[in-house]
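Residue-level listing of the chains:
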Amino acid sequence: MKLSTRFALCLAVLVPLMVSLAGLLVLALVSADLRAERDERLLARLNALRPMATSYAWRARVAPAVPPDFMERRLAAAVGTGAYVHVHGAEPLTIGDVPARPPAGDGPADHAEGAGEWRYVATDLGRRGSRLWLFEPRERLDAQLALLRRRVWTVTLAGAAAGAAAGLALGRYAVRPLVRLGRQAAALDTPPEPSARTGIRLDTGSRVGEIDHLAGVLNDLLDRRDAAVTRTAEALDTARAFAATAAHELRTPLTSMGANLAQFDHPGLTPADRDELVADLTAEHARVQRLITVLRQLAAGELLDPATSAPADLSGIVREAAASARRRHPGTTITESVADGVTVRGWAEGLRLIAGNLLDNAARHGEPPITVELALDGATAVLTVADGGPGVPAGEREAVFARFRRRPGSPGSGLGLTLVRQQAELHGGAATVTGSRFEIRLPTAGGTGRARSWLE
């Protein structure tokens, strides 16, 4: 059932119910007022007729043989409904519709006799037992109440019809923004072109707070959906390219290892040749292992959750990386100038990869001396690793950070500097190179920035 139909039905039921309850209340109040007004009217008429009835009773008692026609006519004209005058020692006077036997008591009260019902009031006329009763048939008030009930029910039925019509109209008007929102939402999945699905947003200008809030929430969900779809598509494309490149890089050492293994079956293989083959196999195995290790490190960095970051002592990490590089490259001179107390928010392991890979890159591809510096530039930590070699040509300063980029004959995997840039960006910073000087800038305060995916 449509919301507008429900709204119309609710109004169609609610309006008559409210009108009926109000009508019943009005009917009860008006009925009570009419009954009270009738009693007041009877009492007022009784007080007005009492002197005239007293005169009639005196005249009938003093001269009973002489009919008091004049007084009868005056009483009959003044009563208007029904009256009964009891005169001690004379015939009673009956005017209008009255019961055969007058009731006891002064009233106001109801009296029934046979099929007739009356409302009456009474009073004494002097000391000799004369008495005056005034009667009004209940049919008169019942007719007024019946008319009132008919009018109330007429208004109730009219209110029900008006409520149903108004409910349908108001229901459609009230849910129009929601209907429009539903149509817009339905159109999101059926645009003219599939490529147009991203970027379509719901209208938030209906001037209905709840509808605009709902549209805003749906727009946020659509933004996240579009961003996820875009990232997924880009990741799939780049992952395919990366997988192909990684397969190619792994194929070279594996092919070499296969060729060397085939040589072991050669009948003329000498011990010296065997030792040379084993050395080659060991070197190729180490190359494959390094490549797999770096790939695992790249994947681990991509999956890091920013919520797990914590303050890290960059000064201590750089000093440890320099000491470790000296042990790995004993013939290389590495000097350091590290400021104390430099702290960044991030992942200690990722920061170690940055410093260690830069030092290994300088030791393998540069020339001594190698210097590592860490300083503060305002709210930014600046890590610099430089060597005495010619450095990277100007036209290749961005390409050196690309995956699997290495010089011919290089023993590296071609992913070391890729890992450096990835970790720098994961920490909200940047990695650049000028000649033989690599510079890493990392924020020392605030959250980490969003990293550019290493798959990109």
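Identification of the protein as histidine kinase from Nonomuraea harbinensis is taken from an unreviewed UniProt entry. In its Catalytic activity (unreviewed entry) section, UniProt records this for the protein: "ATP + protein L-histidine = ADP + protein N-phospho-L-histidine."

On to the overall build of the protein. Along the backbone of the protein there are nine helices and 12 strands. Relative to all contacts within the protein whose residues are 6 or more apart in sequence, the contacts with residues 24 or more apart total 62%. Entry remark: accessible area of the protein is about 25,800 Å², with carbon and sulfur atoms responsible for 58%.

As a packed pair, helix α7 (residues 314-328) and helix α8 (residues 348-365) sit with axes 9 Å apart at the nearest point and diverge in direction by 40 degrees. Put simply, α7 runs oblique to α8. Regarding α7 and α8, the two cross each other, and that crossing is right-handed. Every residue of α8 that contacts α7 at Leu314, Ile317, Glu320, Ala321, Ala322, Ala325 and Arg328 is listed here: Ala348, Leu351, Arg352, Ala355, Gly356, Leu359 and Asp360. Considered class by class, the residues forming the contact of α7 with α8 number nine nonpolar, one polar and four charged.

To continue, consider the environment of Gly389. By secondary structure assignment, the location of Gly389 is in the loop between β10 (380-386) and α9 (416-426). Accessibility expressed as a relative area gives 15% for Gly389, which makes it buried. A sequence separation of 46 residues divides Gly389 from Gly435, and the C-alpha atoms of the two residues are 8.6 Å apart. Leave out the neighbours within four places in its chain, and Gly389 touches Glu367 and Ser436.

Glancing now at the sheet that holds strand β12 (residues 437-443). The five strands are arranged β7-β9-β10-β12-β11 in an open sheet whose pairing can be described as mixed. The open sheet has two edge strands with one neighbour each: β7 (334-338) and β11 (430-434). Here the strands of the sheet are splayed against their neighbours by 15 degrees on average, with no regard to which way each runs. Across seven bridges, strand β9 (residues 370-377) lies against β10 in antiparallel orientation. Residue Ala375 lies in a different strand from β10, and its bridge partner there is Val382. Across the sheet, α7 lies against β7, β9, β10 and β12, angled at about 175 degrees from β7, the strand it touches most.

So, on to the environment of Gly350. For Gly350, the location among the structural elements is in helix α8. For Gly350, a relative accessible area of 7% translates into the label buried. C-alpha separation for the pair Gly350 and Val420, spaced 70 residues apart in sequence, amounts to 8.6 Å. Residues contacting Gly350, with those up to four places away along its chain left out, are Gln423 and His427.

On the surface, Arg35, Arg149, Arg150 and Arg151 cluster together to form a positively charged patch. In terms of residue count, helix α3 (residues 138-174) provides more of the positive patch than any other element does, three residues in total. Inspection of the secondary structure assignment puts Arg150 in helix α3.

To continue, consider the confidence of the model for the protein. Averaged over all residues, the pLDDT of the protein is 77; the fraction at 70 or higher stands at 77%. At the low end of the mean pLDDT range in the protein sits helix α2 (residues 69-79), at 62; at the high end sits β10, at 93. Segment residues 446-456: pLDDT under 50, and 34 contacts once partners within four positions in sequence are set aside and those in other chains are kept.

Let us look at unusual backbone geometry. Look at the link from Pro368 to Pro369: it is a cis peptide, with omega at 0 degrees. Looking at where Pro369 falls in the secondary structure, it is placed in the loop between α8 and β9.

Applying the stated rule across the entire model yields 14 salt bridges. The partner of Arg441 in a salt bridge is Asp377, and the shortest N-O contact between them spans 2.8 Å. Taken as a pair, Arg441 in strand β12 and Asp377 in strand β9 lie far apart in primary sequence, 64 residues in all. Arg441 gets classed as partly exposed once you look at its relative accessible area, which sits at 30%. For Glu398, the salt bridge identified is with Arg421, shortest N-O distance 2.8 Å. Taken together, the positions of Glu398 in the loop between β10 and α9 and Arg421 in helix α9 put the pair 23 residues apart, joining distant regions of the chain. Owing to a relative accessible area of 54%, Glu398 belongs among the exposed residues under this scheme.

Across its 15 residues, α7 extends 21 Å between first and last C-alpha, which sits within 8% of the 21 Å expected from 1.5 Å per residue. All of the buried residues in α7 are Leu314, Ser315, Ile317, Val318, Ala321, Ala322 and Ala325. When α7 is viewed along its axis, its buried side chains cluster within an angular range of 165 degrees and face the same direction. One side-chain oxygen at the N-terminal end of α7 lies 3.3 Å from the backbone nitrogen of Ser315; it belongs to Asp313.

Further remarks concern the packing of aromatic side chains. The relative placement of two aromatic rings is captured by the distance of their centres and the angle of their planes. Counting across every chain of the model gives three aromatic pairs. Centre to centre, the rings of Tyr84 and Trp133 are 5.6 Å apart; their planes meet at 70 degrees, and the pair counts as edge-to-face. A residue pair is termed long-range when its members are at least 10 positions apart, and Tyr84 in strand β1 (residues 82-86) and Trp133 in strand β5 (residues 130-137) qualify at 49 residues. With respect to burial, Tyr84 and Trp133 carry one shared label: buried. Here the aromatic rings of Tyr120 and Phe135 are separated by 6.1 Å at their centres, their planes lie at 40 degrees, and the arrangement is tilted. Taken together, the residues Tyr120 in strand β4 (residues 116-125) and Phe135 in strand β5 connect sequence positions 15 residues apart. The two residues Tyr120 and Phe135 agree in class, both being buried. The cationic tip of Arg421 hangs over the ring face of Phe401; the distance from NZ or CZ to the ring centre is 4.1 Å.

Reading the values: the criteria
Residues numbered from 1 in each chain as written. Predicted model: local features only at pLDDT ≥ 70, side-chain atom pairs only at ≥ 80, totals over all residues. Heavy atoms only, no water. UniProt positions renumbered as here; feature names shortened; annotations may be inferred. Helix = DSSP H or I, 4+ residues; strand = E, 2+ residues; numbered from the N terminus. Contact = heavy atoms within 4.5 Å. Areas by Shrake-Rupley, 256 points an atom, 1.4 Å probe, with all protein chains shown as cover. Axes fitted to C-alpha atoms, helices over the stretch in contact; angles between N-to-C directions. Parallel < 35°, antiparallel > 145°, perpendicular 65-115°, else oblique. Left-handed = near helix turned anticlockwise from the far one by under 90°. Nonpolar A, V, L, I, M, F, W, Y, C, P; charged D, E, K, R; others polar. Buried < 20%, exposed > 50% of the residue type's maximum accessible area, 1.4 Å probe, protein only. Pairing = 2+ DSSP bridges. Patch = residues over 30% accessible without salt bridge, like charges linked within 9 Å, V, L, I, M, F, W, Y side chains within 5 Å. Salt bridge = Lys/Arg side-chain N within 4 Å of Asp/Glu carboxyl O. Lys, Arg positive; Asp, Glu negative; His and termini not counted. Charge placed at Lys NZ, Arg CZ, Asp CG, Glu CD. pLDDT = per-residue confidence, 0-100. Expected span 1.5 Å × (residues − 1). Arc of directions from axis to C-beta. Polar contact = N/O pair within 3.5 Å; in protein donor to acceptor, adjacent residues only side chain to side chain. Phe/Tyr/Trp six-rings, centres within 6.5 Å; stacked < 30°, edge-to-face > 60°. Lys NZ or Arg CZ within 6 Å of the ring centre and 35° of its normal.

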